[in-house]
Amino acid sequence: MEADGSVRQAMHLAEVLLREEFPMRWHHVQGVVRRSHSISMLFSRQDQNILFAASALHDVGYAPKLAGTGFHSLDGARYLERKGYSARLCALVAQHSCAYIEARLRMYSVELAHWVDERTPLRDALWWADMTTGPDGNTVGVHERIAEIRARYGPEDLVTVFIREAEPELVAAVERTEARLRAAGVEVR
């Protein structure tokens, strides 16, 4: 499901699952999609489509009707797999933004290992788009985004523990993506 029509389908699915119950999450997703469009020139047409779809679907696991484990990356990927989305798209959703660390903290490492983290520039671009988009959908710096997550969840929450541990890897993915953009002559915003 990586053709243009499927990108529209992915965006529609994310809207249906998130807009009503999680309007801020929906704003975030829209911003992540906009960010992914802003760097699409770095990728082939096929990879652009997978990036756009993954950007639209990366947080669908927050939808209550999908929350089997309460770990949104895993719940979202499982749902998308059942819906027939490609293994690559499901893996990008499952593994987005250092999910393996949160999976370890939640004791879901074995389940998450069903999807391999591809560790490619495309994966970095998805992480970049996610980690440079605030909850309201506006562009933020990666350090501002990480600070916002910490503040939102509080010092003792598992998500705060996760983001503290994931920070170096998240920042590195953002920096690699921004270096690729500069090398392509694209202004980094």
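Residues numbered from 1 in each chain as written. Predicted model: local features only at pLDDT ≥ 70, side-chain atom pairs only at ≥ 80, totals over all residues. Heavy atoms only, no water.

Novice: Before we go on, may I ask you to explain the overall build of the protein chain in this structure?
Specialist: From N to C terminus, the protein chain includes 10 helices and zero strands. Along its sequence from the N terminus, the protein chain presents helices and strands in the succession α-α-α-α-α-α-α-α-α-α. Over its C-alpha trace the protein chain gives a radius of gyration of 15 Å, about what one expects of a compact globule, namely 16 Å for 189 residues. A principal-axis box enclosing the C-alpha atoms of the protein chain has dimensions of 40 × 35 × 30 Å. (Helix = DSSP H or I, 4+ residues; strand = E, 2+ residues; numbered from the N terminus. Rg over C-alpha atoms; globule rule 2.2 N^0.38 Å.)

Novice: I tried to follow the pattern of salt bridges on my own but got confused; where do I start?
Specialist: Pairing is possible between side chains of opposite charge, provided their charged atoms come close. Throughout the structure, instances matching the rule amount to 14 salt bridges. With its nearest N and O atoms 2.6 Å apart, the salt bridge here joins glutamate 15 to arginine 19. A salt bridge links glutamate 167 to arginine 150, with the shortest nitrogen-to-oxygen separation between them at 2.9 Å. Of the two residues, glutamate 167 is situated in helix α10 (residues 158-183) and arginine 150 in helix α9 (residues 142-153); the sequence distance between them amounts to 17 residues. For arginine 150, a relative accessible area of 29% corresponds to the partly exposed category. (Salt bridge = Lys/Arg side-chain N within 4 Å of Asp/Glu carboxyl O. Buried < 20%, exposed > 50% of the residue type's maximum accessible area, 1.4 Å probe, protein only.)

Novice: Sorry, what's going on with unusual backbone geometry here?
Specialist: Apart from glycine, the bulk of residues carry a negative phi angle, and the bulk of peptide bonds sit in the trans form. At cysteine 98, a residue that is not glycine, the phi angle is positive and equals roughly 65 degrees. Mapped onto the secondary structure, cysteine 98 falls in the loop between α5 (87-94) and α6 (99-106).

Novice: Explain α5 to me, please; I cannot follow it from the model alone.
Specialist: Residues three or four positions apart in an α-helix share a direction because the helix packs 3.6 residues into each turn. In terms of burial, α5 is largely enclosed, as six of its eight residues are buried. Every buried residue of α5 is listed here: Leu89, Cys90, Ala91, Leu92, Val93 and Ala94. Against the buried residues of α5 lie α3 (45-57), α4 (72-82), α6, α7 (109-112) and α8 (121-131). (Contact = heavy atoms within 4.5 Å.)

Novice: Explanation requested: the packing of α8 against α10 in the structure shown.
Specialist: Each pair of packed helices can be described by the angle between their axes along with the distance between the axes. Orientation of α8 relative to α10, taken along the N-to-C sense of each, is 110 degrees, at an axis distance of 8 Å. What the angle tells us is that α8 and α10 run roughly perpendicular. Crossing geometry of α8 relative to α10 is assigned as left-handed. On α10, the residues touching Pro121, Arg123, Asp124, Ala125, Trp127, Trp128 and Met131 of α8 are Ile163, Glu169, Leu170, Ala173, Val174, Arg176, Thr177, Glu178, Arg180 and Leu181. (Axes fitted to C-alpha atoms, helices over the stretch in contact; angles between N-to-C directions. Parallel < 35°, antiparallel > 145°, perpendicular 65-115°, else oblique. Left-handed = near helix turned anticlockwise from the far one by under 90°.)

By themselves, these are just geometric observations and shouldn't be taken as functional.
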